[in-house]
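Single-letter residue listing:
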Amino acid sequence: MSLVRGISNCWRIARKSLRQHALSSSVTVASAALASGLVMSVFALSAQSRDAFSGGETGFDAVLGAKGSELQLVMNTVFHLDTSPGNIPWSVYAAAKADRRVEAALPYVVGDNYKGFRIVGTTEDLFIEFHPREGETLQIEPGGRAFSPLHREAVIGSVVAARTGLGVGSKFLAAHGVTGAGGASHPGEYTVVGVFEPTHAPTDRVIWIPLEGVYRMEGHVLFGAGESFEAQDGEAIPDEHKELSAVMIRTRGSGAGRMLEYEINKGDQATLAWPISESILQVFDKLGWVVLVLEGVAVMVVVVAAGSILASLYNTMNERRKEFAVLRALGARRRTVFGVIVIESTAIAGLGALVGMLVYFATFAAAAGIVREQTGVVLDPWMAHPALYWTPIGMLAVGALAGLLPAWKAYRTEVATTLAGGGY
Amino acid sequence: MPLLEISDLSKSYRSPEGEVQVIIDVPTFTLDAHQQVALEGRSGSGKTTFLNLIAGILRPDSGSIRLAGQELVGASESLRDAFRARHIGYVFQAFHLLSGHTALENVELGMLFGAGLDRAFAEHLLERLGLADRMRYRPPQLSLGQQQRVALARALANRPDLVLADEPTGSLDLHHAAEALGLLRELCTEEGAALLLVSHDHKILETFETRYALHELNRAAREVPA
């Protein structure tokens, strides 16, 4: 009997058995599906989160801000999360912008929100220097335009537009604070003049207004010169009074970045987080044990699933002894009945891995939704990750292994003594 | 040349007390191709063991079993399995159909390890046995007589050279027993298979022209009372 025919016969018998024990088979398939889905989700999510948070393209490689935590600076400036570590005087920005080692510098001022979405004051350089993807600038949807630095105008991210209902021509009042937790509104309406096309990045969750707009909001007091200063309408604001939350910097190469980092960070006025990805990777490295624990739990679930496959098959062995004896009496070899059980357990694991893909997509979609909601970072379940093909292969192997013990029991079935028991 | 030649066949078991008990001791037995022979098998005469030895399910201690030119004693278990699938049909007293499979699937199971799946022939056998409208029924949905007919179809599914029948009508009433026996003999004739039937029922045995008493063939059974 050829190998193909042998396997085909085994599959035919195994398939029948799976149908015959549909309930227990389904439960076991479900446990295998949960296990494989969980493994794929944990591994793919952790890898993709690390990549997404550390490798997001903005066209900048450093963040300049107040003396303090680099991570806080990056989270606040790049991901628009966390609070600002403090302000830096305009002169720090001016010095950086004038530095030959700096190719571009984009100032940010934060501190206000609209319905929880951050308002970031910046310059018109935003429309030129910010690169959501390599070689691309931020694109404004048709019908919109860039804000004018002299007017109360705003360009908003796509998520802001979708969630708040704001569109071109809409007016809104900025509220104090970055979280939207009941801060008082500043008088003076802003008009939306443009909506950015989706970037699938934190930018989508930001309301961008001119720098001057932030300085001139009623109630905003500037301390850039060490004394309080409130801007008056029609009166220019001297640079020494201006303050910034941070500056996005594009250096002229890694040598320049390294030198700037050394020079700025050894002083006590400012912090330069360079390269941006390193600050984020430090977090992931610090939290590496959490990921390891999660991965360990996922692997344990696979072991439990393998155990449930083994148990469900092993428990049917006594009732199926006669079936195997009949098959053997009909000419099935011992290896055939062994193969039937191994194929059956492998099929359960394979079906589990197949359904596990659905579990993976559901889990990933839910997690990605939360991440996007909270950070604006987009995670893609379709993005290739080795776990997506190694897990199904691994599940098949685990399934086959789980079938070995019951298969051995089937292998040892003695025809004459078993059939002497009678029955159908 | 006979289809089946047995010489000096011996099989013993060790009892739980450690005592060796000889169950089969048959000096000689032959069966020609297409021949239909009945063996009278009293209880304890070793009839099931004798058939299991011929089928290659059990390995004898010594002797020779030559079937269709193949020496089975000394052959590996794997070879005996393959040989059984292709050359021997087995009808059990207790039918031994698989309850989760339909009548048709039970017959097809017999083909899987032998000549290969032939649904048309499986259906033909079931039709021939009057089960055309019961092919999709599972054994628990069939009467005892119908179950036995499915077992007959399965035994003949691989067009065997030899059909071994161990008390094939033992679970049936007189009417159904006679009917099943008639069908078995007819089918064996039609398919060109020899038949070796073991029974303790004299009404069954009397229908065979050639019949032997197993307790006379088997020297180990001569002491067993009738």
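Refer to the structure printed above.
1. Regarding the overall build of chain B
Right, on to step 1. The secondary structure content of chain B amounts to 8 helices and 9 strands.
Right, on to step 2. Taken over C-alpha atoms, the radius of gyration comes to 17 Å for chain B, in line with the 17 Å a tight globule of 226 residues would show.
Right, on to step 3. When its C-alpha atoms are laid out on the principal axes, chain B stretches across 50 × 40 × 35 Å.
Right, on to step 4. Sequence separation of at least 24 residues holds for 72% of the intrachain contacts in chain B that already meet a minimum separation of 6.
Right, on to step 5. When the accessible surface of chain B is split by element, carbon and sulfur atoms take 46% of a total near 9200 Å².
Right, on to step 6. When the 22 positive and 30 negative side-chain charges of chain B are each reduced to one mean point, those points stand 3 Å apart.

2. A few points about the packing of helix H10 (residues 288-329) of chain A against helix H11 (residues 334-375) of chain A
Residue and element names in this part refer to chain A.
Right, on to step 1. The interhelical angle for the contact between H10 and H11, taken along N-to-C directions, is 145°, at an axis separation of 11 Å. Judged by the sense of rotation from one axis to the other, the crossing of H10 with H11 is right-handed. Of H11, the residues touching H10 (which contributes Ile309, Leu313, Met317, Arg320, Phe324, Leu327 and Arg328) are Arg334, Val337, Val340, Ile341, Glu344, Ser345, Ile348 and Ala349.
Right, on to step 2. In terms of residue class, the contact of H10 with H11 is made up of 10 nonpolar, 1 polar and 4 charged.

3. Structural notes on the interface of chain B and chain A
Right, on to step 1. Residue-level contacts link 36 residues of chain B with 26 residues of chain A.
Right, on to step 2. Roughly 2500 Å² of surface becomes buried between chain B and chain A when both sides are summed, with 59% attributable to carbon and sulfur atoms.
Right, on to step 3. It is His96(B), Leu112(B) and Phe113(B) in chain B that bury the most area against chain A; as a group they hold 27% of the surface buried on that side.
Right, on to step 4. Counting every contact that joins chain B to chain A gives 5 salt bridges.
Right, on to step 5. In this structure, Asp81(B) and Arg328(A) form a salt bridge, with 2.9 Å as the shortest nitrogen-oxygen distance.
Right, on to step 6. Our enumeration of links across chain B and chain A arrives at 12 residue pairs in polar contact (both at pLDDT 80 or more).

4. What about helix H4 (residues 90-98) of chain A?
Right, on to step 1. Burial in H4(A) covers these residues: Trp90(A), Val92(A), Tyr93(A) and Ala96(A). End-on view of H4(A): buried residues confined to an arc of 160°, all on one side of the axis.

5. Brief notes about helix H12 (residues 386-402) of chain A
All names here are of chain A.
Right, on to step 1. Look at H12: 23 Å from first C-alpha to last across 17 residues, which is about the 24 Å you get at 1.5 Å a residue.
Right, on to step 2. For H12, the full list of buried residues reads Ala387, Leu388, Thr391, Pro392, Met395, Gly399 and Ala402. Each buried residue of H12 lies within a common arc of 130° when the element is viewed along its axis, so the set occupies one face. Exposed and oriented more than 90 degrees from the buried face of H12 are Trp390 and Leu401.

6. Things to note about a nonpolar patch on the surface
Right, on to step 1. Together, Leu287(A), Trp289(A), Val290(A), Val293(A), Leu294(A) and Val297(A) give the surface a local cluster of nonpolar side chains, amounting to about 550 Å² of exposed area.
Right, on to step 2. Following the sequence through the fold, Leu294(A) ends up in helix H10.

7. Regarding the pairing of strand S7 (residues 162-166) of chain B
For a regular strand, the rule is simple: side chains alternate between the two faces of the sheet.
Residue and element names in this part refer to chain B.
Right, on to step 1. Within S7, 5 of the 5 residues are buried, which leaves it mostly tucked inside the rest of the structure.
Right, on to step 2. Side chains Leu162, Leu164 and Asp166 project from S7 onto one buried face, and the interleaved Val163 and Ala165 project onto a second face that is buried too.
Right, on to step 3. Across 4 bridges, the pairing between strand S6 (residues 88-91) and S7 is parallel. In the strand pairing of S7, Tyr90 is matched with Leu164.
Right, on to step 4. Taken together, the 5 bridges between S7 and strand S8 (residues 194-199) define a ladder with parallel strand orientation. Residue Ala165 lies in a different strand from S8, and its bridge partner there is Leu197.

8. Here's the deal with unusual backbone geometry
Right, on to step 1. Here the residue pair Trp274(A) and Pro275(A) is connected by a cis peptide bond, since its omega of -15° sits within 30 degrees of zero.
Right, on to step 2. Locating Pro275(A) in the fold gives a position in the loop between strand S12 (270-273) and helix H9 (276-286).
Right, on to step 3. Backbone geometry at His96(B) places phi at a positive 55°, although glycine is not the residue there.
Right, on to step 4. Along the polypeptide, His96(B) turns up in the loop between S6 and helix H3 (103-112).
Right, on to step 5. With phi around 45°, Glu167(B) is a residue other than glycine that occupies positive phi space.
Right, on to step 6. Mapped onto the fold, Glu167(B) is located in the loop between S7 and helix H6 (174-191).

9. Details of the packing of aromatic side chains
All names here are of chain A.
Right, on to step 1. The full count for this structure, using the stated rule, is 17 aromatic pairs over all chains.
Right, on to step 2. Measuring from ring centre to ring centre gives 5.0 Å for Phe127 and Phe147, while their planes differ by 70°; the resulting arrangement is edge-to-face. Of this pair, Phe127 sits in helix H5 (residues 126-129) while Phe147 sits in the loop between H5 and strand S5 (153-156), and the two are 20 residues apart along the sequence.
Right, on to step 3. For Phe127, a relative accessible area of 14% puts it in the buried group.
Right, on to step 4. Centre to centre, the rings of Phe338 and Tyr411 are 6.1 Å apart; their planes meet at 85°, and the pair counts as edge-to-face. Taken together, the positions of Phe338 in helix H11 and Tyr411 in helix H13 (residues 404-411) put the pair 73 residues apart, joining distant regions of the chain.
Right, on to step 5. The exposure class of Phe338 is partly exposed, given its relative accessible area of 24%.
Right, on to step 6. An aromatic cluster is built from Phe60, Tyr108, Phe130 and Trp208, whose rings are joined through pairwise contacts.
Right, on to step 7. The ring of Tyr411 has Arg334 lying over it, and the distance from NZ or CZ to the ring centre is 5.8 Å.

10. Observations concerning the sheet that holds strand S1 (residues 4-14) of chain B
Residue and element names in this part refer to chain B.
Right, on to step 1. The antiparallel open sheet is built from 4 strands, whose spatial order is S2-S1-S4-S5. Lying at the two open borders of the sheet, with one neighbouring strand each, are strand S2 (20-31) and strand S5 (70-71).
Right, on to step 2. Looking at chain direction, S1 and strand S4 (residues 62-67) are connected through 5 bridges and run antiparallel. What sits directly across from Leu4, in S4, is Leu67.

Rules used in this analysis
Residues numbered from 1 in each chain as written. Chains lettered and ligands numbered in written order. Predicted model: local features only at pLDDT ≥ 70, side-chain atom pairs only at ≥ 80, totals over all residues. Heavy atoms only, no water. Helix = DSSP H or I, 4+ residues; strand = E, 2+ residues; numbered from the N terminus. Rg over C-alpha atoms; globule rule 2.2 N^0.38 Å. Contact = heavy atoms within 4.5 Å. Areas by Shrake-Rupley, 256 points an atom, 1.4 Å probe, with all protein chains shown as cover. Lys, Arg positive; Asp, Glu negative; His and termini not counted. Charge placed at Lys NZ, Arg CZ, Asp CG, Glu CD. Axes fitted to C-alpha atoms, helices over the stretch in contact; angles between N-to-C directions. Left-handed = near helix turned anticlockwise from the far one by under 90°. Nonpolar A, V, L, I, M, F, W, Y, C, P; charged D, E, K, R; others polar. Buried area = accessible area lost by both parts, 1.4 Å probe. Salt bridge = Lys/Arg side-chain N within 4 Å of Asp/Glu carboxyl O. Polar contact = N/O pair within 3.5 Å; in protein donor to acceptor, adjacent residues only side chain to side chain. Buried < 20%, exposed > 50% of the residue type's maximum accessible area, 1.4 Å probe, protein only. Arc of directions from axis to C-beta. Expected span 1.5 Å × (residues − 1). Patch = residues over 30% accessible without salt bridge, like charges linked within 9 Å, V, L, I, M, F, W, Y side chains within 5 Å. Pairing = 2+ DSSP bridges. Phe/Tyr/Trp six-rings, centres within 6.5 Å; stacked < 30°, edge-to-face > 60°. Lys NZ or Arg CZ within 6 Å of the ring centre and 35° of its normal.

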